[in-house]
Amino acid sequence: MTAFTVSDENASTIIADYAPGLVLVAVITASAYGLRHIPFVSQLSPMISAIFVGMLFANVVGINASSAAGISLSGKRLLRLAVALLGLQISFAQLGDIGVRGVGFAAFGLGATFLFTLWMGRLLGVNRQLVHLLAAGTSVCGASAIAATNAVTGADDEDVAYAVACITLFGTIAMFLFPFVALVTGISDRAYGLWIGLSVHEVAQVVGAGFQGGAAAGEVAVVTKLARVMMLAPLVICLSFFLTRPQKQAAGKGRKVPLVPFFVVGFLVLAVVNSFGIAPDAIREPIVVATPVLLTAAMAALGLGTSVSKLRQHGLPPLLLAGMASVFIAGISYLMVTVVP
């Protein structure tokens, strides 16, 4: 009887610690999905809306200390789980739809943009962790890449919020501007689709901009974008490798820092499972539906942990960096699809 009593007490303590924060995160997540029914705001993915709604709540209403544990759980462990589950939406067969040329363009554009952003960030004096987030968000897949990169870099919530805001701003500008550029330049539908998939940040923004060029262009854009998303895991592994060396030196005999984060391993394993059709649809489909909800909840938690006053301290240099990185990836991608045979 004693064992059961202790167990019940532990369960009650855990519920008391985590429930308030988890409920708050769930409410913010639901609100973000509800905003999809509002004109213009519907253009934003729930992930992006969630971080802004969370910031608004935290800085206007305030957060009770009892919510801290549940918010932290959602912003860290839930985030890693959601990124790992993204692997079930990736199939290696998708790469064949754009060919070796398209995959090569995606890899080169990603690498060049990431390195350019690191270089410019250093010149502009932007803090290193924020530079990593902006580089990943611009070169790979917006908010999802920022979230995955943050799981390795451990940046402040303010850095994450600033990076998401920048990616949202310039991705939205691209979504409306690029179709006009294509109209003026007269590039082919396939080239336009490749360009959009290679350069626009968020998947939702790629869909919005891509299909403005027609169904064929939209399909090419989405597949090209997925090729970039598939490169998220190798990027995070490389970043983890370079970041864990100084961490290990600083930690000394402390806890071990894994070279490859476990959530990245999970991402890769699930991508292989999906590529070979191992997972039954009855299991895979509910997970695919739930994954963006989990990511949205994680972004809501990050928003709840963000202080606007600290956000202002970053100033304009990171915004300038994000703009330059966006122009760089747009320019180099356009040159690749129009000049390289």
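Nothing here was measured: the structure is a model prediction, and the numbers come from that model.

Here we take up the overall build of the protein chain. Secondary structure assignment for the protein chain yields 15 helices and zero strands. For 341 residues, the compact-globule formula gives about 20 Å, and the C-alpha radius of gyration of the protein chain, at 20 Å, lands near that figure. Considered along the principal axes of its C-alpha atoms, the protein chain spans approximately 75 × 50 × 50 Å. Looking at the 341 residues of the protein chain, the share that counts as buried comes to 49%. Taking the intrachain contacts of the protein chain between residues at least 6 apart in sequence as the baseline, contacts between residues at least 24 apart amount to 82%. As displayed, the protein chain has an accessible area near 15,900 Å², and 69% of this comes from carbon and sulfur atoms.

Ranked by size, the top nonpolar core spans 94 residues in total, and within it Val160, Tyr192, Ile196, Phe263 and Met299 carry the most contacts. The greatest single-element share of this core, amounting to 12 residues, is contributed by helix α7 (residues 157–185). Those residues in contact with Ile196 that lie beyond four places of it in its chain are Phe178, Val206, Ala209, Gly210 and Ala221.

Moving on, we get to the packing of helix α4 (residues 99–124) against helix α5 (residues 128–141). Orientation of α4 relative to α5, taken along the N-to-C sense of each, is 155°, at an axis distance of 9 Å. Looking at the two axes, α4 sits roughly antiparallel to α5. α5 is crossed by α4, and the crossing has right-handed handedness. Residues Leu110, Thr113, Phe114, Thr117, Leu118 and Gly121 of α4 touch α5, and the partners they reach there are Val131, His132, Leu134, Ala135, Ala136, Thr138, Ser139 and Val140. Residues belonging to the contact of α4 with α5 are distributed by class as follows: eight nonpolar, six polar and no charged.

Moving on, we get to helix α15 (residues 317–339). A rise of 1.5 Å per residue sets the reference length of α15, with its 23 residues, at 33 Å; its end C-alpha atoms lie 32 Å apart and thus fit the reference within 8%. Every buried residue of α15 is listed here: Pro318, Leu321, Ala322, Gly323, Ala325, Ser326, Ile329, Ala330, Ile332, Ser333, Met336 and Val337. Tucked inside the fold, the buried residues of α15 contact α4, α5, α7, α8 (189–199) and α10 (215–230).

For the rest of this paragraph, the subject is the environment of Phe170. Along the chain, Phe170 falls in helix α7. In this view, Phe170 contacts His201, Leu319, Ala322, Gly323 and Ser326; residues no more than four positions away in its chain are not counted.

Rules behind the numbers
- Numbering of residues begins from 1 in every chain and follows the order in which that chain's sequence is written.
- In keeping with the model being predicted, local features are shown solely for residues with a pLDDT of at least 70 and side-chain atom pairs are shown and tallied solely at 80 or more, while totals for entire chains, interfaces and linings include all residues.
- The side-chain quantities take in all heavy atoms of the structure and omit both hydrogens and water.
- Segments assigned H or I by DSSP are reported as helices when at least four residues long, segments assigned E as strands when at least two residues long, and all are numbered from the N terminus.
- We take the radius of gyration over the C-alpha atoms and set the globule estimate at 2.2 Å times the residue count to the 0.38 power.
- Exposed residues in this analysis have more than 50% of their type's maximum accessible area, buried residues have under 20%, and partly exposed residues fall in between, with area computed by a 1.4 Å probe over protein chains only.
- Contact definition: two residues touch when any of their heavy atoms are within 4.5 Å.
- Only the protein chains shown count as cover for residues, with accessible areas throughout obtained via the Shrake-Rupley method and a probe of 1.4 Å.
- By nonpolar core is meant a set of buried Ala, Val, Leu, Ile, Met, Phe, Trp, Tyr and Cys residues that side-chain atoms within 4.5 Å join together.
- Helix axes use the C-alpha atoms of the stretch in contact, all axes being lines fitted to C-alpha atoms, and the angles between their N-to-C directions lie in the range 0 to 180 degrees.
- Oblique is the label for any angle not covered by the other classes, which are roughly parallel (under 35 degrees), roughly antiparallel (over 145) and roughly perpendicular (65 to 115).
- In a left-handed crossing the near helix is turned counterclockwise from the far helix by less than a right angle, and in a right-handed crossing that turn is clockwise.
- Amino acid classes used here: Ala, Val, Leu, Ile, Met, Phe, Trp, Tyr, Cys and Pro are nonpolar; Asp, Glu, Lys and Arg are charged; the rest, including Gly, are polar.
- In this scheme, a helix's expected span is set at 1.5 Å multiplied by one less than its residue total.

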